[in-house]
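Remarks on the overall topology
Letter by letter, the chains look like this.
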Amino acid sequence: MLGCANIVWYGLPTFNSATLPVAGALLLLLDGLAVRDRSNQPLSLSGVVLLAVALISTPSTTLVLAAASGLCIRLGRLARSRYEDWARRALESGARSLGLALAIPFINDLGLWSKLSLLILSYIVVVQGARLIFALLWDGKQMTLGTWQVSAPNIFSIEMVPLPLAAIGAQMAQSFPFNLVAISAAGLVGSAWMVQRASRSLGLQRRTVAELGQINAISRAIIRAELDVDSLCQLVFGEASKVVDTSNFRLGLFEGRFFELKVRVQDGHHEPPLRVEIPNDRGIVSWIRRTGRSLLVEDFATEMDRLPAQPTYQAEFPPRSGIYIPLMTGDEVLGTISIQSSEPRAFDTDDLRLLSLIADQAAVAIDKARAYSAARRRAAQLATIGEVSRQVTAILDLDRLLPSVVHRIRVSFGYSQVHLFTFDQLHQQLFFRASTASDSPFWQRQGKRLPLGLGIVGHVAVSGEPMLVNDVREEPRFLPDQPGIASELAVPMRVGQQLLGVLDVQSERYGAFDENDFFVVQTLADQIAIAIDSASVFQSQQEEAWVLNALLQSAENFAWVSDISEMLYLSVRLPALLVGCERALCLLWQRESNRWILAEGWGLTNEQRLAIGASATDEQVPWLVRMRSEGESFAAELVDLEQLSSAGLVPYTSYGAVLAQPLNSRGATLGVLLLEQCGTDETWLPRQVTIAAGIAGQAAAAIESALFAQIEAARQHIEQEISVAREIQMSLLPARLPQLEGWDSGAHWNLARQVGGDFYDFWQFRSGPSAGEMGFVIADVSDKGVPAALFMALSRSLVRGAALDGSPPSQAIERANRWIMRDSQSYMFVTLFYGIINPVTGRLRYTCAGHNPPLLYRAATGEIEQLRTPGIALGVIDDAVLGEAETTIELGDVLVCYTDGVTEAVDSTMDEWGVPRLMETIHQTAHSDAATMLHTISSRLAAHTGDLPAFDDLTLVVIKRLADANQPV
């Protein structure tokens, strides 16, 4: 506008000689060599040319050159935007024109130096004043005063001091030829170039010193800062703002695959921190993390195809230029610092260098702050873990302990949700025991049960290894038990190799867990496992004490009763009192009838009690057959009550949770104890099962003892009767043997049982055909024990009755056989040897009814004869015909009569003693008396059989005719 006004006022410029083009070219060169300092103004020698032109040329020419030169100045980086660039150009053009225009009207009549002085004064005041006003309006008072204090020497020395040279230039232009003028102009340009180089060198030195001072100050500020990462990042931003434009600033730190922007400044406005997931193979930030290299982008529009990495952001107004610098310690990239601008070429290598120096200092400080923060956090975590440990170890009740633990962990460490699962050893599954979301609909639907291997928690329980998932979207085993969960960390709780449960923590942030959380949760899991183990031991001891007390009460009750009916009542009453069941039934197995019987019940109605005494066979209740064979307790799912009900052993049809306990004693199952809780959802606790098993064992022992007592009483009664029978049987034997002159006799009688079938007898005939003679008999009934004893008593009486009339042996025994066949229906028989001895002559008449033939030792020859006659045992047929024989027992001869229990006695190898051994013993003892012979035979027989019990009754009768008739018996 001033140029147009000059043309209107002074008219068009005149182009006499080369003033205008030469001066214009010279102005362009001098402005191109302008010195730029912190005042953001180009300082040049163009004022010398303009004043020289004003002295020798027309006003219009001077003003046009001033206006044009001002518009053509090069500002470069001094202008921070295109608007500022043209604003400064317009200001410089107007100021130069106005400064000259104010002085030109007053210099026409003045001398050269007066003209020059007025022009200098006007030019300096207007140009520098305009620049100062613009700086105040554009940069503010504080910044303007600071920069002008530094730039004032440069302004004075470069733009003010050389202005008097304009007079010399004007004189030379008027007086000297063009070539000399050109040389002078070249000298002026050279001087400007030298001034520019010197200024640049001096400016570089000053800037370097200033930068070092600033970096030193920034380093001291960063080092002295608090060791807090967030505060330190804000401090780094503040210090960087002192040396570079931070209108668009980013400072971010890497955390795994996430990038957390600690400081975000957009167009000078602070924005809240932001956590984003960064791709591994795309974006400038990922490239910096991989390479650890810085990046200067002067213009994204022209350099996009040449960049090592493409930006990933989507913005309406993307930046045109930027600097991206890694925060590195050693080879590790901690994060990045970046500055951006909407203008191209807003930053240069100096900015890159300064920001890199700040980034190096910041990286070291941030690394130390992180380490300090991690140490402080670890100390706080350990303190909190210690506090939690003290609290959990002080509680021994699991129902109080576990809910307290999960809520304490959530409050102390800020996790979104905390779950605690305990391992059910019996059912081999996890139980949702405690949680900060205990009313979770998901776990309610699951019945608070989790099968092993299902979900992250189930997998951890099976593998025994912790599992950290920072993005549940990528984990197929994740169970969405809570809405909004993004991360999950599960750790097994173990004591030694024993799995106690799983501690599970969740977060609503992706990437929420790191090594610190892993350490915390692992340590807490170990502490909780110890606390659970201690509480379980305490609870087990309590339950054991309760069980022992309950079983002691049960034992005391069973000890006070002896009647079996009272024991059956206690067997169903005590479970109701000590176990806590609503109904109890006692079923007994009757071996005699091979049937199950409902012996007693508790919790039954009067109508249901009418079923007590009902019985069933094995075919009706195969389930009970299985229990009797296995002898183990059965849980509810294995008890077939419908089968028992249909057989009549269970007098009701509605069933709850049932437990069947066998009544085992001495390896045998006496019966079954059925316990029932009303309600199908009820479960049997281990303590209840233990008490029930104890009561069942005590009941079985008591019932068996009662049964044994009954059996023992019956046995004692029978033994008493058998003892009486033995006494009676012994009374049937001769109380003493007959004493005959010249004869010696003896008898040995031993039974395999308390009573037996062997017998012997002696009698003397007082009258009849055998008067004066002695009869004797030895017999063996076909059976043993009580039946044989009874048949022996019958046979002995009948044989004695048949023989006392003195009849010949065969006739007497045949008569006895007829009587036995008439009076006995037992199908038993008896063998016997009956003989009649004449004590004077030694004649022996005898008959053998199927008995072992007696052995007659002949003293004269040493031979042994077997006395045999035809005949069969008595009691077999009615008309038995028996043979009879006669022999003489000479002096010194010995007659040995025996039953088969003597010769058929066996040793451990089943070798019979036999007749030969008996004969050998007779040969060796024949010269001894009858008692010695009996003792020797019985001793050798006992030595042969050893400890084996007697298999059969045995009887020995020895009759010896003395060699000397006067030898005493």
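Residues numbered from 1 in each chain as written. Predicted model: local features only at pLDDT ≥ 70, side-chain atom pairs only at ≥ 80, totals over all residues. Heavy atoms only, no water.

This part is about the pairing of strand β11 (residues 429-435). Of all the seven residues making up β11, five are buried; the element is thus mostly covered by neighbouring parts of the structure. For strand β10 (residues 417-424) and β11, the ladder comprises six bridges, and the chain directions are antiparallel. Note that in β11 the partner of His419 across the bridge is Ser435. Between β10 and β11, which pair antiparallel and follow one another directly, the connecting turn spans four residues, one of which, Gln428, has a positive phi of 55°. Taken together, the three bridges between β11 and strand β12 (residues 449-451) define a ladder with antiparallel strand orientation. (Buried < 20%, exposed > 50% of the residue type's maximum accessible area, 1.4 Å probe, protein only. Helix = DSSP H or I, 4+ residues; strand = E, 2+ residues; numbered from the N terminus. Pairing = 2+ DSSP bridges.)

Counting buried residues along strand β3 (residues 249-255), six of its seven residues qualify, which places the element largely inside the surrounding structure. Bridge count between β3 and strand β4 (residues 258-266): seven bridges; the pairing is antiparallel. What sits directly across from Phe249, in β4, is Val265. Remark: two residues form the turn of the hairpin made by β3 and β4, two consecutive strands paired antiparallel; Gly256 in that turn has positive phi of roughly 65°. One ladder, built from five bridges, connects β3 with strand β9 (residues 332-341); its direction is antiparallel. When the bridges of β9 are listed, Gly252 appears paired with Thr336.

Right, let's get into the packing of helix α22 (residues 785-803) against helix α23 (residues 809-823). Two elements in contact, α22 and α23, have axes whose closest approach is 8 Å; the angle formed by their N-to-C orientations is 140°. Between α22 and α23, the interaxial angle falls into the category oblique. Of the two elements, α22 crosses α23, and the hand of that crossing is right-handed. The segment α22 lies against α23, with Phe791, Leu794, Ser795, Leu798, Val799, Gly801, Ala802 and Ala803 engaging Ala812, Ile813, Arg815, Ala816, Trp819, Ile820 and Asp823. Classifying every residue of the contact of α22 with α23 by side-chain character gives eleven nonpolar, two polar and two charged. (Axes fitted to C-alpha atoms, helices over the stretch in contact; angles between N-to-C directions. Parallel < 35°, antiparallel > 145°, perpendicular 65-115°, else oblique. Left-handed = near helix turned anticlockwise from the far one by under 90°. Contact = heavy atoms within 4.5 Å. Nonpolar A, V, L, I, M, F, W, Y, C, P; charged D, E, K, R; others polar.)

Here we take up the pattern of salt bridges. Considering all chains together, one arrives at 21 salt bridges under this definition. Glu271 serves as the salt-bridge partner of Arg264, at 2.8 Å between the closest nitrogen and oxygen. Overall, Arg264 belongs to the buried group, its relative accessible area being 17%. Owing to a relative accessible area of 31%, Glu271 belongs among the partly exposed residues under this scheme. Taken together, the shared-partner salt bridges in this structure form one network comprising Asp230, Glu255, Glu260, Lys262 and Arg275. (Salt bridge = Lys/Arg side-chain N within 4 Å of Asp/Glu carboxyl O.)

On to empty space enclosed by the protein. Going through the model one piece at a time under the given rule, you end up with four cavities of 30 Å³ or more. Quantified by volume, the largest cavity comes out at close to 90 Å³. As for the largest cavity, its lining consists of 15 residues, of which Trp443, Ile456, Val457, Leu479 and Glu488 are closest to the centre. For the lining of the largest cavity, the secondary-structure elements that each account for two or more residues are β10, α16 (455-463) and β15 (498-507). Looking at the lining of the largest cavity element by element, the count peaks at three residues for α16. Taken as a whole, the second largest cavity encloses approximately 40 Å³ of empty space. In this structure, the second largest cavity is lined by Ser44, Leu45, Ser46, Gly47, Val48, Tyr123, Ile158, Glu159 and Leu163. Of all the secondary-structure elements, those providing two or more residues to the lining of the second largest cavity are α3 (46-56) and α7 (141-160). At three residues, α3 tops the list of elements feeding residues into the lining of the second largest cavity. Partitioning the lining of the second largest cavity into residue classes produces five nonpolar, three polar and one charged. (1 Å grid on protein atoms, 1.4 Å probe; cavity = no way out; pocket = protein on both sides within 12 Å on 5 of 7 lines; lining within 4 Å. Points joined across faces, edges and corners; volume = space filled by probe spheres on them.)

Nothing here speaks to function; it is all geometry.
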